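Residue strings, one per chain:
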Amino acid sequence: MPRAVTLIRSTTLSDVAEYAYAATAPADARLIFLAGSCPLNEDGSTAAVGDYAGQAAKAFENMRIALADAGASLEDVISTRVLVASSRQEDLVTAWGVVRARFGDHDAPSTLMGVTVLGYYDQLVEIEAVAAVLDA
């Protein structure tokens, strides 16, 4: 099945970033805007309390499920935003490492940002995503 997302890797900008600098989708692609995926268990409790890596893994899994429910997969993600409730760069890097590893070769453009607080009790990580698919 053809993919709608084309990742663009700059040859002019630094190659230090672990993601493509841009992505495109054709005009006939269906865009999917996901709510922030939170590290919540099915019962609504927060998973992996106090654990940035554990919460990133749970939020990523919840994002993957939401994508599937919308008829998409990880390879259809056109961009992400990873929110981490911390002012410590090492906490952001910990969460990012989990997210980056799970995307594998699909290094969609992403923004990583530290925030003061997130919406659920004990929540440390949230992942927003936009995907694009070509419907048959």
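Only a predicted model underlies this, so the values are computations on that prediction, with no experimental measurement involved.

**Student:** Sorry if this is basic, but what is going on with helix H1 (residues 52–69) here?
**Tutor:** Owing to its 3.6 residues per turn, the α-helix brings residues three or four apart onto one side. Across its 18 residues, H1 extends 26 Å between first and last C-alpha, which sits within 8% of the 26 Å expected from 1.5 Å per residue. Residues of H1 that are buried include every one of Tyr-52, Gln-55, Ala-56, Ala-59, Phe-60, Asn-62, Met-63 and Leu-67, and no others. Summarising the axial view, the buried residues of H1 lie within an arc of 165°, below the 170-degree limit, and thus occupy one face. Of the surrounding secondary structure, the elements contacted by the buried residues of H1 are strand S3 (30–37), strand S4 (77–85), helix H2 (89–103) and strand S6 (125–133). Sitting at the amino-terminal end of H1 is Asp-51, which places a side-chain oxygen 3.2 Å from the backbone nitrogen of Ala-53. Just past H1, the residue Gly-71 takes up positive phi, approximately 85°.

**Student:** What am I meant to see in H2 here?
**Tutor:** For H2, built from 15 residues, the straight-helix expectation of 21 Å at 1.5 Å per residue is met to within 8% by its first-to-last C-alpha distance of 21 Å. Inspection of H2 places Asp-91, Leu-92, Ala-95, Trp-96, Val-98, Val-99, Arg-100 and Phe-103 among the buried residues, and these make up the whole buried set. Of the surrounding secondary structure, the elements contacted by the buried residues of H2 are H1, S4, strand S5 (110–115) and S6. Within two residues after H2, Gly-104 carries a phi angle of roughly 60°, on the positive side.

**Student:** Would you take a moment to explain the side chain of Asp-76 for this structure?
**Tutor:** Relative to the helices and strands, Asp-76 resides in the loop between H1 and S4. Within the structure, the side chain of Asp-76 is placed 2.8 Å from the backbone nitrogen of Ser-73, a separation counted as a polar contact. Excluding anything up to four places from it in sequence, Asp-76 contacts Arg-3, Val-5, His-106, Val-130, Ala-131, Ala-132 and Val-133.

**Student:** Just to check I follow, could you spell out the packing of aromatic side chains for this structure?
**Tutor:** The geometry of two aromatic rings is summed up by the distance between their centres and the angle between their planes. Across all of its chains, the model carries three aromatic pairs by this definition. Taking the centre distance of 6.1 Å and the plane angle of 70° together, the rings of Tyr-19 and Tyr-21 count as edge-to-face. The partly exposed category is assigned to Tyr-19, whose relative accessible area is 28%. The partly exposed category is assigned to Tyr-21, whose relative accessible area is 34%. Taking the centre distance of 5.0 Å and the plane angle of 85° together, the rings of Phe-60 and Phe-103 count as edge-to-face. Taken together, the residues span a long stretch of sequence, with Phe-60 in helix H1 and Phe-103 in helix H2 at a distance of 43 residues. Accessibility classification places Phe-60 together with Phe-103 in one group, the buried group. One aromatic cluster is present, built from ring pairs that chain together Tyr-19, Tyr-21 and Trp-96.

Conventions and cut-offs
- Residues numbered from 1 in each chain as written.
- Predicted model: local features only at pLDDT ≥ 70, side-chain atom pairs only at ≥ 80, totals over all residues.
- Heavy atoms only, no water.
- Helix = DSSP H or I, 4+ residues; strand = E, 2+ residues; numbered from the N terminus.
- Expected span 1.5 Å × (residues − 1).
- Buried < 20%, exposed > 50% of the residue type's maximum accessible area, 1.4 Å probe, protein only.
- Arc of directions from axis to C-beta.
- Contact = heavy atoms within 4.5 Å.
- Polar contact = N/O pair within 3.5 Å; in protein donor to acceptor, adjacent residues only side chain to side chain.
- Phe/Tyr/Trp six-rings, centres within 6.5 Å; stacked < 30°, edge-to-face > 60°.

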